[in-house]
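Fold and geometry: a report
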Amino acid sequence: MTIVRDSFYINGEWVKASSKETLEVTTSGTGELYATIPAGTVDEANRAVEAAAAAFSGWASTSPKERGEFLLRISEKLAERSDEIALTIANEVGMPSCSPRVFKRDCRR
């Protein structure tokens, strides 16, 4: 199955790519097409950088306790998607799918 994306996550929302230009992502181990993603423009990159810079002051002003709680929620969501993340990493770098499973203790399934 080929993954097809047409948007970027910028400033807390999915934004449709402004260009039709795409990049093909192949599986390193086989050379097969794994995903098609938008190429992105300089404007989209600048908007993403500006959004990240604007968000920094809000993050910097949160208490360490709030940051910790937020990071814990992020880690829980990443753990829920660990198989998907592991497969994506494996496809990108051409390694067995159990190798990048940072959330799994045992790859013998």
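Parameters and conventions
- Residues numbered from 1 in each chain as written.
- Predicted model: local features only at pLDDT ≥ 70, side-chain atom pairs only at ≥ 80, totals over all residues.
- Heavy atoms only, no water.
- Pairing = 2+ DSSP bridges.
- Helix = DSSP H or I, 4+ residues; strand = E, 2+ residues; numbered from the N terminus.
- Salt bridge = Lys/Arg side-chain N within 4 Å of Asp/Glu carboxyl O.
- Buried < 20%, exposed > 50% of the residue type's maximum accessible area, 1.4 Å probe, protein only.
- Patch = residues over 30% accessible without salt bridge, like charges linked within 9 Å, V, L, I, M, F, W, Y side chains within 5 Å.
- Areas by Shrake-Rupley, 256 points an atom, 1.4 Å probe, with all protein chains shown as cover.

**Points about the sheet that holds strand β4 (residues 22-26)**
- Spatially, β1-β5-β4 is the arrangement adopted by the three strands of the open sheet, whose pairing is mixed. Each edge of the open sheet carries a strand with a single partner, namely β1 (3-4) and β4.
- The sheet contact formed by β4 and strand β5 (residues 33-38) spans five bridges and is antiparallel. From the neighbouring strand, Thr 22 faces β5, where its bridge partner is Pro 38.

**Considering the pattern of salt bridges**
- In this structure the tally under the stated criterion is five salt bridges.
- Of the charged contacts in the structure, one is a salt bridge between Arg 47 and Asp 43, with a shortest N-O distance of 3.5 Å. Of the two residues, Arg 47 and Asp 43 both sit in helix α1 (residues 42-60), four residues apart, roughly one turn of that helix.
- A residue is classified by how much of its surface remains accessible, and Arg 47, at 31% relative accessible area, is partly exposed.
- Exposure remark for Asp 43: the relative accessible area of 45% places this residue in the partly exposed category.
- Linking Lys 77 and Glu 80 is a salt bridge whose minimum nitrogen-to-oxygen distance equals 3.7 Å. With Lys 77 and Glu 80 both in helix α2 (residues 64-80) and three residues apart, this pair spans about one turn of that helix.

**Considerations on a nonpolar patch on the surface**
- On the surface, Phe 56, Trp 59, Phe 70, Leu 71, Ile 74 and Leu 78 cluster together into a nonpolar patch covering about 550 Å² of accessible area.
- Sorting the residues of the nonpolar patch by element identifies α1 and α2 as the ones contributing at least two each.
- No other element matches α2, which puts four residues into the nonpolar patch.
- With respect to the helices and strands, Trp 59 occurs in helix α1.
- On the accessibility criterion, Trp 59 (32% relative accessible area) is partly exposed.

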